Structure formats: structure tokens, C-alpha cells
Amino acid sequence: MRWIAAENPSDQGCMAAEIICRCLQKKPDALIAFPTGSTPLPMYASLVACYQSGQVDFSRMRGFNLDEYAGLPPEHPQSYAFFLWENFYRHVNVQQQNIFVLDALADPVQAAADYEEKLKQAGYPDLAILGIGINGHIGFNEPASVQEAFCHPVQLAPETLAANARFFSPGEKTPQSAVTMGMGSILKSRKIILLASGKGKAKVMARLKQMTQIDPMFPASFLFLHRDVTVIADRDAWPQGEMMTAES
Ligand code: F6R
């Protein structure tokens, strides 16, 4: 696992966008797995800017969302299909047929199986971009004593529900479950970038930096099993007491 320090979220967004652009320059039809949430917003803004200045072409890129709330229609402002469309896809020349999202309205077991099959047919991601939850979740792989390897439905952990409540209006019923790529699906990616920014992530990043074991109660630790993971953490998320280097 390589650690790279970014000065702030915007710097981090530029670094991640640059990796994506390089990936697409090498392989224009690359399959990329994308996260939602606050962390990747500067990355999407930077990708849109790269597109507008002619640095990158998304016309052959295949994009897969990492996860989705169960039961939210794709036009719901908090659905992850909507998020990716609104913050990224609609601003660039990605082709509709190359956008893959989980079917939030289908039976979750079936939706998960169908998505895993689509990933398999497509050859799994060339690049997966990930965020991390304060409990170490990756995608919506929540801490559990046994982890489902592939795409699966999941009950959201109380800390995830609390963290994501900020996106919903007060009193609005928030989804309690989701469908997510499994750690096994994610680990099939050729390259993985993990993004963390903000003080709220310093504790979880310190835990990840110090860990030497794979612990299903801390799903991010499965990333130790992959040989090409780059962590990009900004100054606020950087583990306290660890030297902040351009690369470590
Ligand atoms: C979302 C996802 C989650 C988030 C994580 C961090 O698609 O996969 O794992 O990356 O919950 O969310 P933020 O960035 O909002 O702190």
C-alpha cells in the first residue's frame, strides 16, 4: 500500500483525476469503479475541468458505481445513480450505454447477482476509486465477522446511517439497506485508489496505517491483499504523528 499526501481536498481531487486521465489515455475503454459521498466531489470537479480543457476523452470509458441504496429510485437526489450523473457523467462525453448502476428497485439479491455478472462480463475494473467510512467500510462493506465476497445486499451499520443522515432532509425516511460490490469484486480491480480527506477520517486512517492484520470487522484491511493500492490522504485525514511525505 502506497501512501501519498495531498495538501487539501482540492489537491487530492486533482491527483486522483490525473490518475484517471492517465488510465484513460493508456486504455480509452477502461472500466472504472466510482464512489459517491463528500470525499470524491473535488475529484469529479477536476475530471470535468480536465474534460472541458480537452485533456481527457470519456467516450469509451465504462463506469460502474460501487454501491447503491436499496429502494431509492434513480431520480431520487440521494440515489448514487443520480449522484454520479449529477456530479460527473452529465458534464462529460460518457456514453449512456457505458454507465452501469445497481438496480435499486429490483430484488436486492437479484440486483447484486446481476451486477456481479455484468462486472464479470466486462472484465472487472481496471481502476477502482474508493472512499472510506469512519468504521473502515469500503463501498458498503460494513464491519462483520464474515464478509460476503461478491456483490451483495447489506444492512447499513448505525454509524453509516448516522454519517449519511446529513444528506437527507430532516424527518425523511433514510434507506437502511444497500447493495454493494463485495471486497472480492473490488479486489479484482487492476489498480485501486483510496481517498480520505478531512479531520473526521484521521482516526480511521491512523488505524489503517498501523494495522498488520486482515480483520473483517475493519473491511479496509482487505486492501492489504491487493498489490497495487494507493492511498491519497489530505493533511487533515493524515494519521497524526506519522510523517506527511509526498510518498511513503
Ligand atoms: C459511497 C461509498 C462509501 C463512501 C464512504 C465515505 O459510494 O462507497 O464507502 O466512500 O462512506 O463517504 P464520505 O466521502 O461521504 O465521507
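Residues numbered from 1 in each chain as written. Predicted model: local features only at pLDDT ≥ 70, side-chain atom pairs only at ≥ 80, totals over all residues. Heavy atoms only, no water.

A few points about the site of the ligand
Phase 1: Around the ligand, the surrounding shell holds 15 residues, and the nearest of these are Thr-39, Asp-67, His-137, Gly-139 and Lys-201.
Phase 2: In this structure, an oxygen atom belonging to the ligand sits 3.0 Å away from a side-chain N or O atom of Arg-166.
Phase 3: Contacts to the ligand include Lys-201, whose side-chain N or O atom sits 2.6 Å from an oxygen atom.
Phase 4: Starting from 410 Å² of accessible surface for the ligand in isolation, the protein chains cover 93%.
Phase 5: In this structure, the ligand is accommodated by the largest pocket.
Phase 6: Each residue belonging to the shell around the ligand can be placed in one class, and the counts come to four nonpolar, eight polar and three charged. (Near = heavy atom within 4 Å. Polar contact = N/O pair within 3.5 Å; in protein donor to acceptor, adjacent residues only side chain to side chain. Areas by Shrake-Rupley, 256 points an atom, 1.4 Å probe, with all protein chains shown as cover. 1 Å grid on protein atoms, 1.4 Å probe; cavity = no way out; pocket = protein on both sides within 12 Å on 5 of 7 lines; lining within 4 Å. Sits in = over half its atoms within 2 Å of the grid points. Nonpolar A, V, L, I, M, F, W, Y, C, P; charged D, E, K, R; others polar.)

Focus on the sheet that holds strand β7 (residues 152-155)
Note on sheets: strands pair through backbone hydrogen bonds, and any given pair is parallel or antiparallel.
Phase 1: The strand order β4-β8-β7 describes an open sheet built from three strands, whose pairing is antiparallel. Each edge of the sheet is formed by a strand with only one pairing partner; in this case those strands are β4 (67-69) and β7. When the angles between neighbouring strand axes are averaged without regard to direction, this sheet yields 25°.
Phase 2: With four bridges joining them, β7 and strand β8 (residues 177-180) adopt antiparallel strand pairing. Looking at the pairing, Pro-153 lines up with Val-179 of β8.
Phase 3: Packing of helix α4 (residues 108-122) onto the sheet brings it into contact with β7 and β8, and relative to β7 it is tilted by some 135°. (Pairing = 2+ DSSP bridges. Helix = DSSP H or I, 4+ residues; strand = E, 2+ residues; numbered from the N terminus. Axes fitted to C-alpha atoms, helices over the stretch in contact; angles between N-to-C directions. Contact = heavy atoms within 4.5 Å.)

Considerations on helix α3 (residues 80-87)
Residue pairs spaced three or four apart in an α-helix point in one direction, given the helix's 3.6 residues per turn.
Phase 1: Of all the positions in α3, only Tyr-80, Ala-81, Phe-83 and Leu-84 are classed as buried. Along the long axis of α3, the arc covered by the buried residues comes to 165°, so they all point the same way.
Phase 2: Where the residues of α3 are buried, they touch β2 (31-34), α2 (41-52), β3 (62-65), β4 and α5 (158-164).
Phase 3: The N-capping residue of α3, defined by a side-chain oxygen 3.3 Å from the backbone nitrogen of Ala-81, is Ser-79. (Buried < 20%, exposed > 50% of the residue type's maximum accessible area, 1.4 Å probe, protein only. Arc of directions from axis to C-beta.)

Here's the deal with helix α1 (residues 9-26)
Phase 1: Between its first and last C-alpha, α1 extends 26 Å over 18 residues, near the 26 Å set by a 1.5 Å rise per residue.
Phase 2: Taken together, the buried positions of α1 are Gln-12, Gly-13, Ala-16, Ala-17, Ile-19, Ile-20, Cys-21, Cys-23 and Leu-24.
Phase 3: Those residues of α1 that are buried are in contact with β1 (2-6), β2, α2, β6 (127-130), β9 (191-196) and β10 (229-234). (Expected span 1.5 Å × (residues − 1).)

Examining the pairing of β6
For a regular strand, the rule is simple: side chains alternate between the two faces of the sheet.
Phase 1: Taking every second residue as pointing to the same face, both faces of β6 are buried, with Leu-127 and Ile-129 on one and Ala-128 and Leu-130 on the other.
Phase 2: In the sheet, β2 pairs with β6 via two bridges, with the strands oriented parallel. Bridged to Ala-33 within β6 is Ala-128.

Quick notes on the nonpolar core
Phase 1: Within the largest apolar cluster, 36 residues are counted, with the highest numbers of intra-cluster contacts made by Leu-130, Ile-138, Met-181, Leu-194 and Met-205.
Phase 2: Taken together, the elements giving at least two residues each to this core come down to β1, β2, α4, β6, α6 (183-187), β9, α7 (202-210) and β10.
Phase 3: Setting aside residues no more than four positions away along its own chain, Met-181 makes contact with Ala-33, Phe-64, Asn-65, Leu-66, Tyr-115, Leu-119, Asn-141, Phe-150, Cys-151 and Ile-186.
Phase 4: Membership of the second largest hydrophobic core comes to 32 residues, among which are Ala-16, Ala-30, Leu-127 and Ile-193. (Core = buried A, V, L, I, M, F, W, Y, C linked by side-chain atoms within 4.5 Å.)

Some words on the sheet that holds β6
Phase 1: The strand order across the open sheet built from seven strands is β1-β10-β9-β6-β2-β3-β5, with neighbouring strands paired in parallel fashion. Both outer strands of the open sheet, β1 and β5 (99-100), are each paired with one neighbouring strand and no more.
Phase 2: Across five bridges, the pairing between β9 and β10 is parallel. Looking at the pairing, Leu-195 lines up with Ile-232 of β10.
Phase 3: Those strands touched by α4 are β2, β3 and β5, and its axis lies near 150° from that of β3.

Focus: the side chain of Gln-147
Phase 1: Note on placement: Gln-147 falls in the loop between β6 and β7.
Phase 2: Polar side-chain contacts of Gln-147 include one of 2.8 Å to the backbone oxygen of Glu-142.
Phase 3: Apart from residues no more than four positions distant in its own chain, Gln-147 is found in contact with Asn-141, Glu-142, Pro-216, Pro-219 and Phe-222.

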